[in-house]
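Secondary and tertiary structure notes
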Amino acid sequence: MKAENDLERLKARMRAGAALAAPEVREIRPEIRSAGLWHITDTAAAGGPAGPAGQDIAKGIEEGFLLGMMVREVRFRVAPEKADAFHAWLRRHEPDLRTLAAREGVLYRGTYGAFGRLGSYVTLWGYSSFEAIQKFSIAVARLDTPLGERLREMQDYVDLRDPAHYEEQLLLPAAAGRSLSPAGDPAPAPGKRAPRRTGRG
Amino acid sequence: MRYILAPNLRLRPVPELDSCVVLAPGEGGGPRLLRLNAHAWLLLELCRAGMMATALREAYREAVVPPLDAAAAAESLDQGLALLLRQGLLLEKNPEEAMP
């Protein structure tokens, strides 16, 4: 639809009563679904990392002290009887994971065992952009990509019988500021959605 | 004085829902995704036309009166422009500044 058409239709909508509602801008919060599905679309189009904070973060990643523009932390359990095989698989395939993920703009930041908690592991992924999340999700979902194949092999070691043993969270560099905690918004409780911000008033 | 759209905005009209989704660069580096109702969207479209403030005020008044009366329209325009400026979707530009 062309902008001129939009304008004429909007004027008609205004005359029909839409003008009675005050102008309103609402922020749409990306919604992260369970099972690793990401409900985020068409994002890199807005320019990707920009502004002083974004440049600082990009520099931090380049210098190696930040893990990513966004970090996905995946906590999972591997049954103790599979632990040795899992460790061997990691030794063999972590270089592959690093190389294959990098092609999608994702940094594989390693898999770590939680000291003192037998069977408990964390994998960290660093995303360079929202676009990287999409590309990575697409690559993972496809059965015929080397990355998808590797991740499915890795998942075979993960004990999914108890959902309490599987958890994901998205971490953002605190220096990113607003994208992490918009001014005036209280932090959402664990597992709760952040309150919507209307931008009014 | 006139108002122009901030750079790097992407507008995705959703006329079925009387709204427009806008992708805007965020302060923290990542993009922001915003949903504008029809009223805010109208303001954005009028500003996109690049009118001077007086012409914008007149075009807006023609669009919303009725159902609003003239006083309510003036107040609504000021509030709407302030909202869009606060959200970083519009920039104020003086007449002597070059066209973008």
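Residues numbered from 1 in each chain as written. Chains lettered and ligands numbered in written order. Predicted model: local features only at pLDDT ≥ 70, side-chain atom pairs only at ≥ 80, totals over all residues. Heavy atoms only, no water.

1. Description of the overall build of chain A
Note the threshold: Secondary structure elements are defined from DSSP: runs of H or I of at least 4 residues count as helices, runs of E of at least 2 residues count as strands, and each element is numbered from the N terminus. Any residue under 20% of the maximum accessible area for its type is buried, any over 50% is exposed, and the rest in between are partly exposed; the area is computed with a 1.4 Å probe on protein chains only. When checking whether two residues touch, look at their non-hydrogen atoms; a contact exists if any pair is within 4.5 Å. The Shrake-Rupley method, run with a 1.4 Å probe sphere, supplies the accessible areas, and residue values consider only the shown protein chains as cover.
Check the secondary structure of chain A and you find five helices and seven strands. Across the 201 residues in chain A, those meeting the buried criterion constitute 38%. For chain A, the proportion of contacts with a sequence separation of at least 24, taken over those separated by at least 6, is 67%. Carbon and sulfur atoms make up 55% of the accessible area of chain A, which totals about 11,800 Å².

2. Comments concerning the packing of helix 1 (residues 38-48) of chain B against helix 2 (residues 53-64) of chain B
Residues and elements named next belong to chain B. What counts is decided by this rule: Every angle, taken between N-to-C directions, lies between 0 and 180 degrees, and every axis is a line fitted to C-alpha atoms, over only the stretch in contact when it is a helix. Whether a crossing is left-handed or right-handed is set by the direction in which the near helix is turned from the far one by less than a right angle, anticlockwise for left-handed and clockwise for right-handed. Throughout this entry, Asp, Glu, Lys and Arg are counted as charged residues, while Ala, Val, Leu, Ile, Met, Phe, Trp, Tyr, Cys and Pro are counted as nonpolar. The remaining residues, Gly among them, count as polar.
At a closest axis distance of 10 Å, the pairing of helix 1 and helix 2 adopts a crossing angle of 145°. In this structure, helix 1 meets helix 2 at a crossing whose hand is right-handed. Across the interface between the two elements, His 39, Leu 42, Leu 43, Leu 46 and Cys 47 of helix 1 pack against Leu 56, Ala 59, Tyr 60, Ala 63 and Val 64 of helix 2. Each residue belonging to the contact of helix 1 with helix 2 can be placed in one class, and the counts come to nine nonpolar, one polar and no charged.

3. What to know about the pattern of salt bridges
The line we're drawing: We define a salt bridge as a side-chain nitrogen of Lys or Arg found within 4 Å of a carboxyl oxygen belonging to Asp or Glu.
Within this structure, the stated rule accounts for twelve salt bridges over all chains. Ionic pairing is found between Asp18(B) and Arg13(A), a salt bridge with its closest N-O pair at 2.5 Å. Residue Asp18(B) is located in the loop between strand 2 (10-14) and strand 3 (19-25), and its partner Arg13(A) is located in helix 1 (residues 3-15); the two belong to separate chains. Asp18(B) sits in the partly exposed class, given a relative accessible area of 21%. Here Arg26(A) ties to Glu24(A) by a salt bridge, and the two come within 3.2 Å at their closest N and O atoms. Through salt bridges that share partners, Asp96(A), Arg150(A) and Glu153(A) make up one connected network.

4. Observations regarding the pairing of strand 4 (residues 70-77) of chain A
Residue and element names in this part refer to chain A. Note the following rule: When DSSP finds two or more bridges between a pair of strands, those strands are recorded as paired.
Taken across its eight residues, strand 4 has six buried, putting it largely inside the fold. Here eight bridges tie strand 4 to strand 6 (residues 120-127), and the two strands are oriented antiparallel to one another. Counted as the bridge partner of Glu 73 is Leu 124 from strand 6. For strand 4 and strand 7 (residues 167-171), the ladder comprises five bridges, and the chain directions are antiparallel. Residue pairing across strands places Val 71 opposite Leu 171, the latter belonging to strand 7.

5. Some points on the sheet that holds strand 1 (residues 25-27) of chain A
Spatially, four strands are ordered 1(A)-4(B)-3(B)-2(B) in an open sheet, and the strand pairing comes out antiparallel. Whereas interior strands pair on both sides, the edge strands pair on one side only; in this sheet they are strand 1 of chain A together with strand 2 of chain B. Going from strand to strand, the sheet's axes swing by 25° on average, the running direction of each strand aside. Two elements, strand 2 of chain B and strand 3 of chain B, share five bridges in a ladder whose sense is antiparallel.

6. A short note on the packing of aromatic side chains
Residues and elements named next belong to chain A. Our working definition: Side-chain rings of Phe, Tyr and Trp, where Trp is taken by its six-membered ring, are said to pair if the distance between their centres is within 6.5 Å; with planes under 30 degrees apart they count as stacked, over 60 as edge-to-face, and otherwise as tilted.
For the structure shown, the criterion picks out six aromatic pairs over all chains. Look at Phe 86 and Tyr 121: their rings are 5.2 Å apart centre to centre, the planes differ by 85°, and that puts the pair in the edge-to-face class. Of the two residues, Phe 86 sits in helix 3 (residues 83-102) while Tyr 121 sits in strand 6, which places them 35 residues apart along the sequence. Between Trp 89 and Tyr 157, the aromatic rings sit 6.3 Å apart at their centres with planes inclined by 50°, giving tilted as the arrangement. Here Trp 89, found in helix 3, pairs with Tyr 157, found in the loop between helix 5 (146-155) and strand 7; they are 68 residues apart in sequence, far enough to count as distant. Each member of the pair, Trp 89 as well as Tyr 157, carries the same accessibility label: buried.

7. Observations regarding the sheet that holds strand 7 of chain A
Residue and element names in this part refer to chain A. As summarised here, the arrangement of the four strands in space is 5-6-4-7, forming an open sheet in which the pairing is antiparallel. Every other strand in the sheet has two partners, leaving strand 5 (106-113) and strand 7 as the edge strands with one partner each. Going across the sheet, the axis of each strand differs from the next one's by a mean of 15°, ignoring polarity.

8. Observations concerning the environment of Gly148(A)
All names here are of chain A. The topology assignment puts Gly 148 in helix 5. Take Gly 148: its relative accessible area is 0%, and that puts it in the buried class. Between the C-alpha atoms of Gly 148 and Ile 138, which are ten residues apart in sequence, the distance is 8.9 Å.

9. So, helix 3 (residues 70-86) of chain B
Spelled out, the test is: In a helix, the anticipated span is given by 1.5 Å times the number of residues less one. Read the arc as the range of directions from the helix axis to the C-beta atoms.
For helix 3 of chain B, with 17 residues, the first-to-last C-alpha span of 24 Å sits near the 24 Å given by 1.5 Å per residue. Residues of helix 3 of chain B that are buried: Ala73(B), Ser76(B), Leu77(B), Gly80(B), Leu81(B), Leu83(B) and Leu84(B). The buried residues of helix 3 of chain B occupy an angular sector of 160° when the element is viewed end-on, so they sit on one face. Buried residues along helix 3 of chain B sit in contact with strand 1 of chain A together with strand 1 (2-5), strand 4 (31-37), helix 1, helix 2 and strand 5 (90-93) of chain B.

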